[in-house]
Amino acid sequence: MNTFEINKMTTTERLETMEAIWDSLVRDETEIDMPDWHRDVLDERRLRIERGEAKCFSLNK
């Protein structure tokens, strides 16, 4: 499937296709390594939380 074919699909068809792709990725047992930069960001955020320096907010209203 190429972008031309995708663009011919309806919005509903594209959303259903994306959902099918996500579902297949969830069931895939292949581990995808986290990039070092991503791990660094998460480590820094964890440290800020542990030190009480992080500002957290809820998305619930």
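Given the structure is predicted, the values throughout are model-derived calculations rather than measurements. (Residues numbered from 1 in each chain as written. Predicted model: local features only at pLDDT ≥ 70, side-chain atom pairs only at ≥ 80, totals over all residues. Heavy atoms only, no water.)

A.B. asks: Explain the overall build of the protein chain here, please?
C.D. replies: Each helix and strand counted, the protein chain has three helices and zero strands in total. Counting helices and strands in the order they occur from the N terminus, the protein chain gives α-α-α. Whereas a compact globule of 61 residues would reach a radius of gyration of roughly 10 Å, the protein chain reaches 19 Å, over 25% beyond that. Its C-alpha atoms give the protein chain principal-axis dimensions of roughly 50 × 35 × 20 Å. For the protein chain, the accessible surface area stands at approximately 6400 Å², while carbon and sulfur atoms represent 55% of it. The positive charge centre, built from 10 side chains, and the negative charge centre, built from 15, are 9 Å apart in the protein chain. (Helix = DSSP H or I, 4+ residues; strand = E, 2+ residues; numbered from the N terminus. Rg over C-alpha atoms; globule rule 2.2 N^0.38 Å. Areas by Shrake-Rupley, 256 points an atom, 1.4 Å probe, with all protein chains shown as cover. Lys, Arg positive; Asp, Glu negative; His and termini not counted. Charge placed at Lys NZ, Arg CZ, Asp CG, Glu CD.)

A.B. asks: What should I look at first to understand the pattern of salt bridges in this one?
C.D. replies: Pairing is possible between side chains of opposite charge, provided their charged atoms come close. With the rule as written, the count across this model stands at two salt bridges. Of the charged contacts in the structure, one is a salt bridge between arginine 46 and aspartate 43, with a shortest N-O distance of 3.0 Å. Of the two residues, arginine 46 and aspartate 43 are both situated in helix α3 (residues 36-51); the distance of three residues between them amounts to about one turn of the helix. When its relative accessible area of 45% is taken as the criterion, arginine 46 is described as partly exposed. Residue class for aspartate 43 comes out partly exposed when judged on its relative accessible area of 31%. A salt bridge links glutamate 53 to arginine 51; the shortest N-O distance between them is 3.7 Å. Owing to a relative accessible area of 44%, glutamate 53 belongs among the partly exposed residues under this scheme. (Salt bridge = Lys/Arg side-chain N within 4 Å of Asp/Glu carboxyl O. Buried < 20%, exposed > 50% of the residue type's maximum accessible area, 1.4 Å probe, protein only.)

A.B. asks: Quick question: what am I supposed to make of the confidence of the model for the protein chain here?
C.D. replies: Do not read the predicted coordinates in detail wherever pLDDT is low. Within the protein chain, residue pLDDT values average 92, and 98% of them lie at 70 or more. For the protein chain, per-element mean pLDDT is lowest for helix α2 (residues 11-27), which scores 93, and highest for α3, which scores 96. (pLDDT = per-residue confidence, 0-100.)

A.B. asks: Quick question: what am I supposed to make of a nonpolar patch on the surface here?
C.D. replies: A contiguous nonpolar surface patch, about 560 Å² in accessible area, is contributed by Leu15, Met18, Ile21, Trp22 and Leu25. Looking at the element boundaries, isoleucine 21 is found in helix α2. Exposure remark for isoleucine 21: the relative accessible area of 45% places this residue in the partly exposed category. (Patch = residues over 30% accessible without salt bridge, like charges linked within 9 Å, V, L, I, M, F, W, Y side chains within 5 Å.)

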